[in-house]
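Analysis of the macromolecular model
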Amino acid sequence: MDQDSQKRSVAEAALAIVEPRLERDTVLGIGTGSTANLFIDGLAELAHLFDGAVASSEASAERLRQHQIPVYDLNAVNRIELYIDGADECNEALQLIKGGGAALTREKIVAAVAQEFICIADESKWVPVLGDFPLPVEAIPMARSHVARELVKLGGDPVLREGVITDNGNCILDVHNFPIAEPLATEARINAIVGVVCNGLFAARPADQLLLGTAQGVQTFRRPASSLD
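Let us look at the structure shown here. (Residues numbered from 1 in each chain as written. Predicted model: local features only at pLDDT ≥ 70, side-chain atom pairs only at ≥ 80, totals over all residues. Heavy atoms only, no water.)

Description of a nonpolar patch on the surface
To keep it simple, the criterion reads: Surface patches are drawn from residues lacking salt bridges whose relative accessible area is over 30%; two like charges belong together within 9 Å, two nonpolar side chains (Val, Leu, Ile, Met, Phe, Trp, Tyr) within 5 Å. Each accessible area value is a Shrake-Rupley result obtained with a 1.4 Å probe; residue values ignore everything except the protein chains displayed when judging cover. We define a salt bridge as a contact between a side-chain nitrogen of Lys or Arg and a carboxyl oxygen of Asp or Glu at a distance within 4 Å. Helical segments are the DSSP runs of H or I of at least four residues, strand segments are the runs of E of at least two, and each set is numbered from the N terminus.
A cluster of nonpolar side chains, namely I140, M142 and V197, defines an oily patch on the protein surface of about 320 Å² accessible area. Within the secondary structure layout, I140 lies in the loop between β7 (135–139) and α5 (144–153).

What to know about empty space enclosed by the protein
The condition that has to hold: In this analysis a 1.4 Å probe is tested at points of a 1 Å grid over the protein atoms alone, and where it fits but cannot get out there is a cavity; an open set with protein on both sides within 12 Å along at least five of seven lines is a pocket; lining residues have an atom within 4 Å of a point. Grid points are joined across faces, edges and corners, and a volume is the space filled by probe spheres set on the points. In this count, Pro and Cys sit with the nonpolar residues alongside Ala, Val, Leu, Ile, Met, Phe, Trp and Tyr, while Asp, Glu, Lys and Arg are called charged and the others, Gly among them, polar.
Going through the model one piece at a time under the given rule, you end up with one cavity of 30 Å³ or more. Each pocket or cavity is described by its volume, and for the largest cavity that value is around 30 Å³. The element that contributes the greatest number of residues to the lining of the largest cavity is helix α4 (residues 104–113), accounting for three residues. Classifying every residue of the lining of the largest cavity by side-chain character gives three nonpolar, four polar and three charged.

A word on α5
Test applied: Burial classes: relative accessible area under 20% of the type maximum marks a residue as buried, over 50% as exposed, and values in between as partly exposed (1.4 Å probe, protein chains only). Along the arc lie the directions from the helix axis toward the C-beta atoms. What makes two residues a contact is simply this: any of their non-hydrogen atoms within 4.5 Å.
Among the residues of α5, V147, A148 and L151 are the ones counted as buried. Burial along α5 is one-sided: seen end-on, the buried residues are contained in an arc of 100°. Summarising the geometry of α5, the exposed residues directed more than 90 degrees from the buried face are R149 and K153. Check the buried side of α5 and you find it contacts β7, β8 (157–160), β9 (171–176), α6 (183–191) and β10 (196–199). Two residues or fewer past α5, G155 is found with a positive phi of approximately 105°.

Digging into unusual backbone geometry
One non-glycine residue with positive phi stands out, namely Q68, at about 60°. Relative to the helices and strands, Q68 is located in the loop between α3 (58–66) and β3 (82–85). When its relative accessible area of 63% is taken as the criterion, Q68 is described as exposed. For L94, which is not glycine, the phi dihedral falls at a positive 65°.

Some details on helix α1 (residues 3–18)
Applicable threshold: In this scheme, a helix's expected span is set at 1.5 Å multiplied by one less than its residue total.
Between its terminal C-alpha atoms α1 stretches 23 Å, which fits the 22 Å expected from 16 residues at 1.5 Å a residue. Buried within α1 are the following residues: Q6, K7, S9, V10, A11, A14, L15 and V18.

Examining the packing of helix α2 (residues 34–43) against α3
The test is simple: Angular values range over 0 to 180 degrees, each being the angle between N-to-C directions of two axes fitted as lines to C-alpha atoms, with helices fitted over their stretch in contact. Every angle not falling under 35 degrees, over 145, or within 65 to 115 is termed oblique; those three ranges are roughly parallel, roughly antiparallel and roughly perpendicular. What makes a crossing left-handed is the near helix being turned counterclockwise from the far one by less than a right angle; a clockwise turn instead makes it right-handed.
One way to put it is that α2 packs onto α3 with a least axis distance of 9 Å and a crossing angle of 20°. When the axis of α2 is compared with that of α3, the two are roughly parallel. Regarding α2 and α3, the two cross each other, and that crossing is right-handed. In contact with N37, I40 and D41 of α2, α3 contributes S60, R63 and L64. Taken together, the residues that form the contact of α2 with α3 break down as two nonpolar, two polar and two charged.

Comments concerning the packing of aromatic side chains
Selection criterion: For this analysis, a ring pair means two rings from Phe, Tyr or Trp (six-membered ring only for Trp) whose centres lie within 6.5 Å, classed as stacked if their planes differ by under 30 degrees, edge-to-face if by over 60, and tilted for the remaining angles. The rule for a charge over a ring is simple: NZ of Lys or CZ of Arg within 6 Å of the ring centre, and within 35 degrees of the ring normal.
Within the structure shown, the criterion is met by three aromatic pairs. The ring of F202 has K98 sitting right over it, with the charged end atom 5.7 Å from the ring centre. A cation over an aromatic ring shows up here: K108 above the ring of F202, its NZ or CZ 5.2 Å from the ring centre.

Focus: the packing of α1 against α2
Contact geometry of α1 with α2 gives a least axis separation of 9 Å together with a crossing angle of 50°. Taken together, the axes of α1 and α2 are oblique relative to one another. As for the relative orientation of α1 and α2, their crossing is right-handed in sense. Residues K7, R8, V10, A11, A14, L15 and V18 of α1 pack against S34, T35, L38, F39, G42 and L43 of α2. For the contact of α1 with α2, the residue count by class is eight nonpolar, three polar and two charged.

Re the state of the cysteines
Cut-off, in case you're wondering: Throughout, disulfides are identified as pairs of cysteine sulfur atoms within 2.5 Å of each other.
Per the counting criterion, the structure on display carries zero disulfides. C119 takes part in no disulfide bond, and the closest cysteine sulfur, belonging to C90, lies 5.7 Å away.

Here we look at the nonpolar core
Heads up, the rule is: The nonpolar core is taken to be a set of buried Ala, Val, Leu, Ile, Met, Phe, Trp, Tyr and Cys residues, with the residues joined through side-chain atoms within 4.5 Å.
Counting 23 residues, the largest nonpolar core has L28, I30, F39, L43, I84 and I120 as the members making the most contacts within it. When contributions to this core are tallied by element, the ones reaching two or more residues are α1, β1 (27–30), α2, β2 (52–55), α3, β3 and β6 (116–122). With five residues, the top contributor of residues to this core is α1. Leave out the neighbours within four places in its chain, and I30 touches F39, I40, L43, A53, V54, A55, S56, L64, Y83 and I84.

Spatial relationships are all this shows, so hold off on functional conclusions.
This is the structure we're talking about:
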């Protein structure tokens, strides 16, 4: 099973989990990226079963609207039952790196509100230690150089993602050569840098369930109770 097939298989597996839990007043959280797009496309057939969705990016919101799925502002929603999104990396504690699509801040907000976070990914995203994928950090533009200097002090090699402006009007610094042995502590340290809006570590709020597409089929992992370091 190639990577594209693995992505399709986990999107289908997520739909099978979500469908029985849909009610007329259900609002879903929907993420961003190629795997999330496959989930959105499949969700179109279930649009009559639930109320609508909160999207983590303008791109996902537009894709949902194309399928006639109502999109709500998070401030207008009382509850998000499930958040479904992909990842750029994941570890055995279901801690993640996200933000390859520059939507990390909104993704983190929706994940924080959701009652349950289901991550869908192919097996290339599974790693023993986070950090092979450059860690995205969203920063206020005027603080870009300051934030970069502080990230160097933490041992990383930050590179401005050229030509990218987030949906929030900010820039992205991708931190290379930065293995992350302590995801929870590292997430807090980076967020404490003045000028940082958010970073792509999902350790304080990891996934609750991971559907991982592999050559042998979809494997399901649930977050261990002691996963927060």
